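Structure at a glance
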Amino acid sequence: MEVNELICLEKRGYLAILRLNRPEHLHALHYDMLLQLETKLEEIAQDIQETRVVMIASSGRAFCVGADLKERRTLNEQQVRRNVRKIRDVFTTVERLPQPTIAAINGFAFGGGLELALACDFRLAVAEAQLGLTEVSLGIIPGAGGTQRLTRLIGPTKAKELILTARKISAEEAMQLGIVSYVTKSVEELEEASVSLAEEILQNAPLAVYQAKYAIDKGHGVEIQTGLDIESKAYEVIIPTKDRIEALEAFREKRKPLFRGE
């Protein structure tokens, strides 16, 4: 690991783990950190053969507390706009990765930290984690997708309640609301549960996983016929694949299929 490496990339087979690496600042996101995250994400997006699931994690007391406010105090209005555009674009890149993404929330996830988690497909949290879109208490609004992704996840009324009050909620309440899928007792269990979910996904044909995710994401919120058309096009992509034939052969031979992403 390089001394100035703010985003660490660890590979475990087909699983890529991106670890935010500013624990002394609770992984607050400044501009250079966003640029490093963007670079790593672009590499992952181009590596769908060898990277099939992505996990975003941190260490210490926080998952991520959002934008680095110490940096923000030094910026002029033009630079603030630059930073807001960058964090929004980077989180959109997370959302648009073809690979499934898992946020392992080990502690505080406030502001942009929760927005990063919301851009992932799955969110798991340790019991003592706290989550919140707290921006209005700082005189701003969630600007990296929080107003949109949280609303789509839990509905406008509850999203307004959490955002307009800047309320911080527990992991358990977040699970009850549907923001997180699982809550674990310890950070060790959080890592195990996140990796276990990744491994469960990795058992399946990667191209089929990518197309299923694509159909869900593109079909969400559109009227049903448009959604069905999107699903049909995604299915068409899968028909000529070798993995589809391998699955049929494995079924005939009563064995586990060996998927190659082809």
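For the structure given in this document, a descriptive report is provided here.

Criteria and cut-off values
Residues numbered from 1 in each chain as written. Predicted model: local features only at pLDDT ≥ 70, side-chain atom pairs only at ≥ 80, totals over all residues. Heavy atoms only, no water. Helix = DSSP H or I, 4+ residues; strand = E, 2+ residues; numbered from the N terminus. Rg over C-alpha atoms; globule rule 2.2 N^0.38 Å. Buried < 20%, exposed > 50% of the residue type's maximum accessible area, 1.4 Å probe, protein only. Contact = heavy atoms within 4.5 Å. Areas by Shrake-Rupley, 256 points an atom, 1.4 Å probe, with all protein chains shown as cover. Lys, Arg positive; Asp, Glu negative; His and termini not counted. Charge placed at Lys NZ, Arg CZ, Asp CG, Glu CD. Patch = residues over 30% accessible without salt bridge, like charges linked within 9 Å, V, L, I, M, F, W, Y side chains within 5 Å. Salt bridge = Lys/Arg side-chain N within 4 Å of Asp/Glu carboxyl O. Pairing = 2+ DSSP bridges. Axes fitted to C-alpha atoms, helices over the stretch in contact; angles between N-to-C directions. Expected span 1.5 Å × (residues − 1). Arc of directions from axis to C-beta. Parallel < 35°, antiparallel > 145°, perpendicular 65-115°, else oblique. Left-handed = near helix turned anticlockwise from the far one by under 90°.

**Topic: the overall build of the protein**
- Summing up its helical and strand segments, the protein has eleven helices and ten strands in all.
- A globule of 262 residues ought to have a C-alpha radius of gyration of about 18 Å, and the protein, at 19 Å, matches this closely.
- Projected onto the principal axes, the alpha-carbon positions of the protein cover approximately 60 × 45 × 40 Å.
- Per-residue burial for the protein yields a buried fraction of 46% across its 262 residues.
- Partitioning the contacts of the protein with sequence separation of at least 6, the portion at a separation of at least 24 is 67%.
- When the accessible area of the protein is evaluated, it comes to approximately 14000 Å², of which 53% is carbon and sulfur surface.
- Computed over 34 positive and 38 negative side-chain charges, the inter-centroid distance for the protein is 3 Å.

**A look at a nonpolar patch on the surface**
- A surface patch of nonpolar side chains, amounting to about 260 Å² of accessible area, comprises Leu69, Leu138 and Ile140.
- Looking at the element boundaries, Leu138 is found in the loop between strand S8 (130-132) and helix H5 (146-154).

**A closer look at the sheet that holds strand S2 (residues 15-20)**
- Spatially, the six strands line up as an open sheet ordered S1-S2-S3-S5-S7-S10, and their pairing is mixed. The open sheet is flanked by strand S1 (7-12) and strand S10 (182-184), the only strands paired with a single partner. Strand-to-strand twist of the sheet, defined as the mean angle between neighbouring strand axes without regard to direction, takes the value 20°.

**Let's talk about the sheet that holds strand S9 (residues 169-170)**
- With respect to topology, four strands assemble into an open sheet ordered S4-S6-S8-S9, the strand pairing being mixed. Unpaired on one side and paired on the other, strand S4 (62-64) and S9 mark the two borders of the sheet.
- Bridge analysis of S8 against S9 gives two bridges, and the strand direction is antiparallel. For Gln130, the partnering residue across the bridge sits in S9 and is Ser170.

**Focus: helix H8 (residues 187-202)**
- Taking 1.5 Å of rise per residue, the 16 residues of H8 would be expected to cover 22 Å, and the 22 Å separating its terminal C-alpha atoms lies within 8% of that figure.
- Restricting attention to buried positions, one finds in H8 the residues Leu190, Ser194, Val195, Leu197, Ala198 and Ile201. End-on view of H8: buried residues confined to an arc of 155°, all on one side of the axis. Turned more than 90 degrees off the buried face of H8, the exposed positions are Glu188, Glu192 and Glu200.

**Thoughts on unusual backbone geometry**
- You will see that His27, though not glycine, has its phi angle at about 60°, which is positive.
- For His27, the location among the structural elements is in the loop between S2 and helix H1 (31-45).
- A relative accessible area of 0% means that His27 is categorised as buried.
- Phi angles above zero are rare outside glycine, and Lys254 is one such case at about 55°.

**Description of the environment of Ala117**
- With respect to the helices, strands and loops of the structure, Ala117 is situated in helix H4 (residues 112-118).
- For Ala117 and Ala247, which are 130 residues apart along the polypeptide, the C-alpha to C-alpha distance reads 33 Å.
- Leave out the neighbours within four places in its chain, and Ala117 touches Phe63, Ala103, Ile105 and Arg123.

**Considerations on the pairing of S2**
- Burial runs high along S2: five of the six residues are buried.
- Bridge analysis of S1 against S2 gives six bridges, and the strand direction is antiparallel. Across the sheet, the residue bridging to Leu9 is Leu18, located in S2.
- Here S1 folds back onto S2 in antiparallel fashion, the turn holding two residues, of which Gly13 has a positive phi close to 65°.
- Pairing of S2 with strand S3 (residues 53-57), which is carried by five bridges, proceeds in the parallel orientation. Bridge assignment links Leu15 to a residue of S3, and that residue is Val53.

**Some words on the packing of H5 against helix H6 (residues 156-165)**
- The interhelical angle for the contact between H5 and H6, taken along N-to-C directions, is 135°, at an axis separation of 7 Å. Between H5 and H6, the crossing angle belongs to the class labelled oblique. In this structure, H5 crosses over H6, and the sense of that crossing is right-handed. Side by side, H5 and H6 meet where Gly146, Thr147, Leu150, Thr151 and Ile154 of the first sit next to Pro156, Lys158, Ala159, Leu162 and Ile163 of the second.

**Focus: the packing of H1 against helix H3 (residues 77-96)**
- The geometry of H1 relative to H3 is characterised by a closest axis approach of 10 Å and an angle of 25° between their N-to-C directions. As far as their axial angle goes, H3 and H1 are roughly parallel. Our pair here, H1 against H3, has a crossing hand that is left-handed. Across from Tyr31, Leu34, Leu35, Leu37, Glu38 and Leu41 in H1, the residues of H3 making contact are Arg82, Asn83, Lys86, Ile87, Val90, Thr93 and Val94.

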